[in-house]
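A look at the structure
The primary structure of each chain is shown beneath.
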Amino acid sequence: MDDTEVVIAPVNLAARVDEALAVQAVAFGLDAAEVAVRRHIVLRHLLSPGACAYGATTPDGRLVGFVYGMPNDRSHWWSTVVEPYLRAEGNVEWLDGSFVITELHVHPDFQGRGVGRDLITTITDRSELPRSILSAIDTESPARGLYRSLGYTDLARQVHFPSAPRPYAVMGAPLPLRRGN
């Protein structure tokens, strides 16, 4: 494990998209083809109204984690996929007035040190919306544990995204996120 301190600050994710996707590839296990597809998606998302990004960088400028998100828009692909699942659970109202955490990834060498917590709380603290939503692979994982510790609860489970091999859970939390643990 690297003991280097990291700084959480706004990041020009469009300019550093390849560095960010390299972190995501290692953290999430993506191959080169998946990275290429995600590059296009990230750049398109960053053009959405209210989109913002934060990075975790080492003193020498290395990007070791990032988060980005935006106010939810029901016309976006993600919302159209999760809407029927949320509706079935009586939680469709979460699609309105919510800040979506689109991606949050931390390089494995920096996981377990509070970097992910700092990234997600920093970005959501900047939102004027009353709540936040996100999707995560629907399995018990450190990421899901982090989200729960911040106040996120399951809104829908076993959500199937086209071409995703595993189901996801949609989680939501009131803002500001809970602190502690």
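Residues numbered from 1 in each chain as written. Predicted model: local features only at pLDDT ≥ 70, side-chain atom pairs only at ≥ 80, totals over all residues. Heavy atoms only, no water.

**With respect to the overall build of the protein**
- Within the protein, the regular secondary structure consists of 5 helices and 7 strands.
- Listing each helix as α and each strand as β along the protein from the N terminus yields β-α-α-β-β-α-β-α-β-α-β-β.
- Relative to the globule expectation of 16 Å for 181 residues, the C-alpha radius of gyration of the protein, 15 Å, shows essentially globular dimensions.
- Dimensions along the principal axes, computed over C-alpha positions, put the protein at roughly 45 × 40 × 30 Å.
- Within the protein, the fraction of its 181 residues that count as buried is 46%.
- Long-range contacts, defined here as pairs at least 24 residues apart, represent 67% of the contacts in the protein between residues at least 6 apart.
- Carbon and sulfur atoms make up 54% of the accessible area of the protein, which totals about 9000 Å².
- Of note, the protein has its 17 positive side-chain charges centred 3 Å away from the centre of its 21 negative side-chain charges. (Helix = DSSP H or I, 4+ residues; strand = E, 2+ residues; numbered from the N terminus. Rg over C-alpha atoms; globule rule 2.2 N^0.38 Å. Buried < 20%, exposed > 50% of the residue type's maximum accessible area, 1.4 Å probe, protein only. Contact = heavy atoms within 4.5 Å. Areas by Shrake-Rupley, 256 points an atom, 1.4 Å probe, with all protein chains shown as cover. Lys, Arg positive; Asp, Glu negative; His and termini not counted. Charge placed at Lys NZ, Arg CZ, Asp CG, Glu CD.)

**With respect to the packing of helix 1 (residues 17-28) against helix 2 (residues 32-45)**
- For the pair helix 1 and helix 2, the least separation of the axes is 10 Å and the interaxial angle reads 130°. By the angle between their directions, the pair helix 1 and helix 2 is classed as oblique. Between helix 1 and helix 2 lies a crossing of right-handed hand. Residue-level inspection shows Val17, Asp18, Leu21, Gln24, Ala25 and Phe28 of helix 1 in contact with helix 2, the latter providing Val35, Arg38, Arg39, Val42 and Leu43.
- Taken together, the residues of the contact of helix 1 with helix 2 sort by class into 7 nonpolar, 1 polar and 3 charged. (Axes fitted to C-alpha atoms, helices over the stretch in contact; angles between N-to-C directions. Parallel < 35°, antiparallel > 145°, perpendicular 65-115°, else oblique. Left-handed = near helix turned anticlockwise from the far one by under 90°. Nonpolar A, V, L, I, M, F, W, Y, C, P; charged D, E, K, R; others polar.)

**Things to note about the pairing of strand 7 (residues 168-174)**
- Extensive coverage of strand 7 is indicated by the burial of 6 of its 7 residues.
- With 7 bridges joining them, strand 5 (residues 131-137) and strand 7 adopt antiparallel strand pairing. The residue bridging Ser132 from the neighbouring strand is Ala173, located in strand 7.
- Note that strand 6 (residues 153-159) and strand 7 share 4 bridges and pair antiparallel. Pairing of Thr153 across the sheet is with Gly172, part of strand 7. (Pairing = 2+ DSSP bridges.)

**Here's the deal with the sheet that holds strand 6**
- Here 7 strands make up an open sheet; going across it, the order is 1-2-3-4-5-7-6 and the pairing mixed. Each edge of the open sheet is held by one strand with a lone partner, namely strand 1 (7-10) and strand 6. Along the sheet, successive strands turn relative to each other by an average axial angle of 20°, direction set aside.
- Two elements, strand 2 (residues 52-57) and strand 3 (residues 63-71), share 6 bridges in a ladder whose sense is antiparallel.

**Considering helix 3 (residues 77-88)**
- Of the residues making up helix 3, those classed as buried are Trp78, Ser79, Val81, Val82, Glu83 and Leu86.
- Looking at the residues trailing helix 3, positive phi occurs at Gly90, about 75°.

**Overview of the side chain of Thr121**
- As for its placement among the helices and strands, Thr121 is situated in helix 4 (residues 115-125).
- In this structure the side chain of Thr121 is engaged in a polar contact, spanning 2.8 Å, whose partner is the backbone oxygen of Arg117.
- Other than its neighbours up to four places away in sequence, Thr121 contacts Leu150, Leu177 and Arg179. (Polar contact = N/O pair within 3.5 Å; in protein donor to acceptor, adjacent residues only side chain to side chain.)

**Re the nonpolar core**
- In this structure, Ile101, Leu119, Ile120, Leu134, Tyr147 and Tyr152 are the most contacted members of the largest nonpolar core, which totals 23 residues.
- Contributions of two or more residues to this core are made by strand 2, strand 3, strand 4 (98-106), helix 4, strand 5, helix 5 (142-149) and strand 7.
- With residues up to four places along the chain from it excluded, the contact list for Ile101 reads Val67, Tyr68, Gly69, Ile120, Ile123, Thr124, Ser132, Ile133, Leu134 and Tyr152.
- Counting 16 residues, the second-largest nonpolar core is a separate cluster that includes Val81, Leu86, Ile137 and Phe161. (Core = buried A, V, L, I, M, F, W, Y, C linked by side-chain atoms within 4.5 Å.)

That's the geometry; what it means functionally is another story.
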